[in-house]
Amino acid sequence: MLHNSGHSTAKPNTLHDVIVVGSGPAGVHAAYPLVEAGLRVAIIDGGLDSKKQDNQPINKKLHNKSNPYDLLIKSGYVFTKTYQLLKVQSNIEIIQSLAKGGLSEIWHGICDYFTDSELAETGLPALEIQKEYKEIAKRINLKTKPQLDLHGQLILKKAKNQVYRLPIAYPYRTKSVIEDLKKYKNFTYIPKQLVLKVKDKNKHVEIESISIESQEKSYIKSRYLILAAGAINTTRILLQSFRLYNYQVPFLTKGHTMLVCLHPQTLLKRRQNNIASLGQVSLTCNDLDQDLNSFFVQFYRCNPLAQDLALQYIPLPKPLASLFFSIIAPYLVIVDVRFPTFKSNKSFCRLKKEKCDIGVLEVSSHTTDREIKKHKEELKKIYRKIQSFGLLPMKTITSNVTSHYAGGVSFQSKQGKLSTDSKGRLHQAKRIYIADSSTWKVLPAKPPTLTIMANAARVGKNVLKKFQP
Ligand SMILES: Cc1cc2nc3c(=O)[nH]c(=O)nc-3n(C[C@H](O)[C@H](O)[C@H](O)COP(=O)(O)OP(=O)(O)OC[C@H]3O[C@@H](n4cnc5c(N)ncnc54)[C@H](O)[C@@H]3O)c2cc1C
């Protein structure tokens, strides 16, 4: 028997109309139109409620460097079993989630709409996505005029009449949508079940999962299946289901370049700690000759939780460095620069077969020489721009930690070994659809989640059409 945390229980023999794997932004927004239409829908998720920490000490051997994870653990969002259950070997640090609400439980809520050409490059139909953007913005009550802190206000004042964009900063949490869905009798939430494999059996789909507590296996059935476990885990489930071991699929990840800047204008001015979002103002390149914006910049206040991370860059003994950090932190702005990512032979993922049920996903991420050259040119422009906003860059840090990723099962007009059609349906299966960014052909510089939600709602509606006469 599979249990859920709400009022209903899913019996193994129940045939659901649609099962959605994953309860992050993609999963809940794919489920929403189906639940509203009255179909029997279940969301199955491998995680716990992120606020209910499992209190296990994190096993540092499971990931290369501890700092980024320590920061997330301190924030109380990442459940430590994640890295035992979703094994990854990579030259970069990939932040994954195994939690109710997915990674949206940590995001800073900076979003932006992709332009039509960005959508086209990504492989998404611009007209349909623009329509979904409007519905999603209404559903999540997206606020486009957030309250700015002193840094945000001053930067924006200086940036007037220049290439800047008003931020859309919104502390949105997917978990609240799950609570909304639970009010419907035709909806079931199944937590703590890690999906291993899926099989299209012609008249229905069979989903094989394992309890993260008892390790017991279960099988459930649905007429249609939507995979929304985040690009990395949807790809893992499909490679495992089709037994495509050591088969390389293109994978896109986006690193960060962080410019630590002093903001002299704020020195000795009153601090405002009561503003909800750390990330406030954003800047994009509005060069209309380019298909993709060549960079996206987010300006953050310095997060006090980042102290441990920061100390390694301050050449003082630890107690003095801590004191120095606590004095200077309120006057710092972190300028987080991201560039778009394109397919390349050196950036891929593949599944290694293991004796146990869960294989190890190898993820390789490399920036080509051409991209490195282009990034350097763009960084020079960004330096000049941020100096004109009154910021003094003090240190540039290139970070290999990523939470923005895409690819694995990309859109293709013709059937590839693992690919989807324009509606999000897996070419290899009649009843399996993909709602997260694993279908994307490029990863634009902008934050992806608003578009992930819009596309997921579109895919959910495509599945709904299958039930309509
Ligand atoms: C610190 C941080 C800040 C961020 N800030 C921003 C931002 O400002 N703006 C922005 O746009 N984006 C931001 N992001 C990225 C954003 O969180 C992701 O783009 C988004 O959450 C992806 O949504 P998703 O539904 O595709 O995947 P996820 O959020 O990863 O959700 C996947 C879900 O699937 C479940 N799952 C995984 N594997 C399995 C399995 N095998 N079986 C069952 N369930 C499974 C997980 O438990 C989870 O619920 C940030 C991320 C981080 C970490």
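This one's a predicted model, so the numbers in the text were calculated from it and none came from an experiment.

## Remarks on the site of the ligand
Not every one of the 35 residues close to the ligand is listed here, only the nearest: D45, A99, L103, I110 and T449. At 3.4 Å from an oxygen atom of the ligand is found a main-chain nitrogen or oxygen belonging to G102. Here the ligand loses 95% of its free accessible area of 1,000 Å² to cover by the protein chains. Secondary-structure elements contributing two or more residues to the shell around the ligand are α1 (25-36), β8 (193-200), α8 (231-241) and α12 (449-465). Among the elements that line the shell around the ligand, the one with the most residues is β8, at 3 residues.

## Quick word on the environment of S241
Positionally, S241 belongs in helix α8. A residue is classified by how much of its surface remains accessible, and S241, at 17% relative accessible area, is buried. The spatial distance from the C-alpha of S241 to the C-alpha of V198 is 5.7 Å, given a sequence separation of 43 residues. Excluding its chain neighbours within four sequence positions, the residues that come into contact with S241 are L196, K197 and V198. In terms of polar contacts, S241 uses its side chain to reach the backbone carbonyl oxygen of I237, at 2.6 Å.

## Some thoughts on unusual backbone geometry
The phi dihedral of K192 is positive, around 65 degrees, even though this residue is not glycine. With respect to the helices and strands, the residue K192 is situated in the loop between β7 (187-190) and β8. In this structure, R243 takes a positive phi of about 50 degrees despite not being glycine. Mapped onto the fold, R243 is located in the loop between α8 and β11 (249-253). We classify R243 as exposed; its relative accessible area is 54%.

## Points about the confidence of the model for the protein
Mean pLDDT for the protein: 84, with 81% of residues reaching 70 or above. By mean pLDDT, helix α2 (residues 67-75) is the weakest element of the protein at 56, and strand β21 (residues 432-434) is the strongest at 98. Low pLDDT, under 50, characterises residues 1-9; the stretch is placed with 27 contacts to residues that sit more than four places away or in other chains. With pLDDT under 50 throughout, residues 57-66 is counted as low confidence; its partners more than four residues away or in other chains account for 14 contacts.

## Some words on the nonpolar core
Membership of the largest hydrophobic core comes to 47 residues, with the highest contact counts inside it found for V18, V20, L34, V41, I43, L181 and I226. Counting residues per element, this core draws most heavily on α12, at 9 residues. Residues contacting V41, with those up to four places away along its chain left out, are H16, V18, V20, A31, L34, V35, N186, F187 and T188.

About the thresholds
Residues numbered from 1 in each chain as written. Predicted model: local features only at pLDDT ≥ 70, side-chain atom pairs only at ≥ 80, totals over all residues. Heavy atoms only, no water. Near = heavy atom within 4 Å. Polar contact = N/O pair within 3.5 Å; in protein donor to acceptor, adjacent residues only side chain to side chain. Areas by Shrake-Rupley, 256 points an atom, 1.4 Å probe, with all protein chains shown as cover. Helix = DSSP H or I, 4+ residues; strand = E, 2+ residues; numbered from the N terminus. Buried < 20%, exposed > 50% of the residue type's maximum accessible area, 1.4 Å probe, protein only. Contact = heavy atoms within 4.5 Å. pLDDT = per-residue confidence, 0-100. Core = buried A, V, L, I, M, F, W, Y, C linked by side-chain atoms within 4.5 Å.

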